[in-house]
Amino acid sequence: MKPAAMKALDRQRDVMIREHLLGRGIRDQAVLNAMREVPREEFIDERFREDAYGDHPLPIDERQTISQPYIVAYMIEALELDAADQVLEIGTGSGYAAAVLSRIVTNVYSVERLSGLAHSARKRLELLGYTNVVVHEGDGTLGWPEHAPYDAIVVTAGAPNVPQPLLEQLAIGGRLVIPVGQSADEQLLALVRRVSERDYRSKQLCGVRFVPLIGSAGW
Ligand code: SAM
């Protein structure tokens, strides 16, 4: 990339942090640092690179999307992460949110149902040196039992209900952030906390619009 184009992206990244994240109340320093560090332009098609830090989602392959930066930051902040947490992401997509998570915690497990996206995200994360992210191709509505329990689970696609396997794979004290709604493209973001072996507490955070979570415990 030409130096002038890189400078323009640096400026846009500053605007993203200052106006779109800090300006809307994101305060978790670890989240802000990670969002500043991860080069979002590397996770999207060249055609959209100039707009990499724009305040909106962008298209990626297979008719999917990379989420709006503010929503990525908001969901990750809501997870109240600790550096030692084991995190599961459902919906790897481009791998961007997984890369942001990987700057905050030691281990990130990410599941993607579309093999093309799983493959390209895995390759991209490897090339960029995000060695603490493992990408698995499969139906994320079933979670990833091998590495459970998780201190935090984030679902980046909209579900009709909270999938039971994800509740079961949450550690006691663990947090799950998931868009839930009866319409396939409009949801409410829910934060579910596992407070004991059998009890969960749930609250609604805000309205969101995600592509559908497709699978045996999804659409
Ligand atoms: N986190 C991604 C990023 O940073 O680019 C954005 C994810 S995109 C909004 C939602 C993703 O969820 C899509 O890639 C889609 O294929 C995936 N998805 C939908 N249903 C899924 C399922 N059951 N298991 C795993 N991934 C799923």
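Our subject is the structure that appears above.
The model shown is predicted, which means the values in this text are computed figures rather than measured ones. (Residues numbered from 1 in each chain as written. Predicted model: local features only at pLDDT ≥ 70, side-chain atom pairs only at ≥ 80, totals over all residues. Heavy atoms only, no water.)

Caption draft 1: Seen up close, the sheet that holds strand E4 (residues 107-112). What the seven strands build is an open sheet, ordered E5-E4-E3-E6-E7-E8-E9; its pairing is mixed. One side of each edge strand has no neighbouring strand; the edge strands of this open sheet are strand E5 (133-137) and strand E9 (200-208). Taken over all neighbouring pairs, the strand axes of this sheet differ in orientation by 20° on average, direction set aside. By the bridge criterion, seven bridges tie strand E7 (residues 170-183) to strand E8 (residues 186-194) in an arrangement that is antiparallel. Each bridged residue has a counterpart across the sheet, and for Ile 178 the counterpart in E8 is Ala 190. Sheet strands touched by helix H3 (residues 69-78): strand E6 (150-155), E7, E8 and E9. Its angle to E9, the strand with the most contacts, is close to 165°. In the packing of helix H5 (residues 115-127) onto the sheet, contacts are made with E4 and E5, and the angle to E5 comes to roughly 165°. (Pairing = 2+ DSSP bridges. Helix = DSSP H or I, 4+ residues; strand = E, 2+ residues; numbered from the N terminus. Axes fitted to C-alpha atoms, helices over the stretch in contact; angles between N-to-C directions. Contact = heavy atoms within 4.5 Å.)

Caption draft 2: Inspection of the nonpolar core at higher detail. Membership of the largest hydrophobic core comes to 51 residues, with the highest contact counts inside it found for Leu 21, Met 35 and Leu 81. When residues of this core are assigned to their parent elements, the largest contribution, eight residues, is made by H3. Other than its neighbours up to four places away in sequence, Leu 21 contacts Met 16, Ile 26, Leu 32, Met 35, Pro 69, Tyr 70 and Ala 73. (Core = buried A, V, L, I, M, F, W, Y, C linked by side-chain atoms within 4.5 Å. Buried < 20%, exposed > 50% of the residue type's maximum accessible area, 1.4 Å probe, protein only.)

Caption draft 3: Highlighting the packing of aromatic side chains. This structure, assessed with the given rule, holds five aromatic pairs. Judged by centre distance (6.4 Å) and plane angle (50°), the rings of Phe 43 and Tyr 130 are tilted. In this pair, Phe 43 sits in the loop between helix H2 (29-37) and strand E1 (58-60) while Tyr 130 sits in the loop between H5 and E5, placing the two residues 87 residues apart along the sequence. Taken individually, Phe 43 and Tyr 130 each receive the classification buried, so the pair is uniform in this respect. Grouped by ring-pair contacts, the aromatic residues Phe 43, Tyr 96 and Tyr 130 constitute a single cluster. (Phe/Tyr/Trp six-rings, centres within 6.5 Å; stacked < 30°, edge-to-face > 60°.)

Caption draft 4: Structural context of H5. Taking 1.5 Å per residue, 13 residues should reach 18 Å; H5 reaches 18 Å between its end C-alpha atoms and fits that length. If you check which residues of H5 are buried, you get Leu 117, Ala 118, Ala 121 and Leu 125. Mapping the buried residues of H5 onto a view down its axis gives an arc of 100°, with all of them on the same face. When the buried face of H5 is taken as reference, the exposed residues oriented beyond 90 degrees from it are Lys 123, Glu 126 and Leu 127. At its buried positions, H5 is contacted by E1, strand E2 (64-66), helix H4 (96-102), E4 and E5. Following H5 by one or two positions, Gly 129 has its phi on the positive side, about 85°. (Expected span 1.5 Å × (residues − 1). Arc of directions from axis to C-beta.)

Caption draft 5: View of the pairing of strand E3 (residues 86-90). Counting buried residues in E3 gives four out of five residues, a clear majority hidden from the surface. One crossover worth recording links E3 to the parallel E4 by way of H4, and it is right-handed. Note that E3 and E6 share four bridges and pair parallel. The residue bridging Leu 88 from the neighbouring strand is Ile 153, located in E6. (Right-handed = clockwise from strand over helix to strand, strands pointing away.)

Caption draft 6: Main features of the site of the ligand. Among the 28 residues in the neighbourhood of the ligand, the closest are listed as Gly 91, Ser 94, Glu 112, Gly 140 and Ile 214. The contact in question runs from an oxygen atom of the ligand to an N or O atom on the backbone of Ala 97, over 3.0 Å. Asp 139 is positioned such that a nitrogen or oxygen atom in its side chain is 3.0 Å from a nitrogen atom of the ligand. When isolated, the ligand has an accessible area of 600 Å², and the protein chains bury 99% of it. (Near = heavy atom within 4 Å. Polar contact = N/O pair within 3.5 Å; in protein donor to acceptor, adjacent residues only side chain to side chain. Areas by Shrake-Rupley, 256 points an atom, 1.4 Å probe, with all protein chains shown as cover.)

Caption draft 7: Looking closely at the packing of helix H1 (residues 3-21) against H3. Interhelical geometry of H1 versus H3 gives an angle of 65° and a closest axis separation of 10 Å. Remark: the crossing between H1 and H3 carries right-handed chirality. Residues Met 16, His 20 and Leu 21 of H1 touch H3, and the partners they reach there are Pro 69, Tyr 70 and Ala 73. Residue composition of the contact of H1 with H3, grouped by class: five nonpolar, one polar and no charged. (Left-handed = near helix turned anticlockwise from the far one by under 90°. Nonpolar A, V, L, I, M, F, W, Y, C, P; charged D, E, K, R; others polar.)

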